[in-house]
Amino acid sequence: SVRSSVVIPESKSVYFEMFFLDQKEPGGICIGLSNENFPLNSLLGTKSNSVGYYSSGNIIYRAKWEKYGRGYSVGDTIGCLIRMDPENECFIRVHLTFFVNGLSLGTPGPTVVLRRSNIFPTISMFSVGTKVECRFLPFDLQYASSLPDGVYTLDGAPVRCGPALTYEHRIDRELPRFKFSDNHPQTPQSLVS
């Protein structure tokens, strides 16, 4: 698994997307959240302090697989809308809604309880040649127009409702883009130098 270096703020509703670029062999991916105590050699949701939406269409939480919506595959963009409510000084209640290509898979989605500490976007990948592009900033988001008002990106900026910049516009503006690859799963690699 690979964990973002950017913490999800507790005080705001936050949204991010991950674009499933490529997969050379079968195996699937799992997109979700974890805190710093989650062991990265594990599948999201199978250990405490994590939850994941697997490409088969299942939510995995506390090592239980529950059908949540349709599955997803290469070419799909998975969105994750998060709202956190402190439960007490040790735990936080996390309300999730997942999207596939801008379509919500259920409102409300699953609600999970995680140990209160830094919580990060996380992805588990299971085969050689898997590539996923993370979209954390306002100009990256492909499906922001499907979101309610009052939603922010990981950097604290309000979500911009409208089309995302094209890849060519990002190159023109020299904006950083990152992907996670099985070649160096612990390190985001820039798509644009």
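Residues numbered from 1 in each chain as written. Predicted model: local features only at pLDDT ≥ 70, side-chain atom pairs only at ≥ 80, totals over all residues. Heavy atoms only, no water.

**Some points on unusual backbone geometry**
Okay, so step 1: The phi angle at Asn-49 is positive, at roughly 70 degrees, despite the residue not being glycine.
Okay, so step 2: Turning to its location among the elements, Asn-49 is positioned in the loop between strand 3 (29-35) and strand 4 (50-54).
Okay, so step 3: Phi is positive for Ala-63, close to 65 degrees, though the residue is something other than glycine.
Okay, so step 4: By relative accessible area, Ala-63 is classed as partly exposed at 45%. (Helix = DSSP H or I, 4+ residues; strand = E, 2+ residues; numbered from the N terminus. Buried < 20%, exposed > 50% of the residue type's maximum accessible area, 1.4 Å probe, protein only.)

**A word on the pattern of salt bridges**
Between side chains of opposite charge, a pair can form as their charged atoms come close.
Okay, so step 1: Counting across every chain of the model gives seven salt bridges.
Okay, so step 2: The salt bridge partner of Glu-17 is Arg-135, with a shortest N-O separation of 3.8 Å. A residue pair is termed long-range when its members are at least 10 positions apart, and Glu-17 in strand 2 (residues 13-22) and Arg-135 in strand 12 (residues 131-135) qualify at 118 residues.
Okay, so step 3: Of the residues examined, Glu-17 reaches a relative accessible area of 0% and is grouped as buried.
Okay, so step 4: A relative accessible area of 7% places Arg-135 in the buried class.
Okay, so step 5: Its salt-bridge partner being Lys-24, residue Asp-22 comes within 2.8 Å of it at the nearest N-O pair. (Salt bridge = Lys/Arg side-chain N within 4 Å of Asp/Glu carboxyl O.)

**Some points on the nonpolar core**
Okay, so step 1: Leu-33, Tyr-53, Ile-82, Val-94, Leu-96 and Phe-98 are the most contacted members of the largest nonpolar core, which totals 34 residues.
Okay, so step 2: Ranked by the residues each element gives to this core, the list is headed by strand 8 (residues 91-100), at five residues.
Okay, so step 3: Listed in part, the eight residues of the second largest apolar core include Leu-81, Leu-141, Ala-144 and Leu-147. (Core = buried A, V, L, I, M, F, W, Y, C linked by side-chain atoms within 4.5 Å.)

**Things to note about the side chain of Ser-42**
Okay, so step 1: Locating Ser-42 in the fold gives a position in the loop between strand 3 and strand 4.
Okay, so step 2: Ser-42 gets classed as buried once you look at its relative accessible area, which sits at 10%.
Okay, so step 3: In contact with Ser-42, not counting residues within four places along its chain, are Ser-1, Lys-47 and Ser-124. (Contact = heavy atoms within 4.5 Å.)

**Overview of the sheet that holds strand 1 (residues 2-3)**
Okay, so step 1: An order of 1-11-3-4-5-6 is seen for the six strands of this open sheet, with the pairing classed as antiparallel. Looking at which strands have only one partner, the edges of the open sheet turn out to be strand 1 and strand 6 (64-67).
Okay, so step 2: Relative to strand 5 (residues 58-61), strand 4 is paired through three bridges, and the arrangement is antiparallel. Across the sheet, the residue bridging to Tyr-53 is Ile-59, located in strand 5. (Pairing = 2+ DSSP bridges.)

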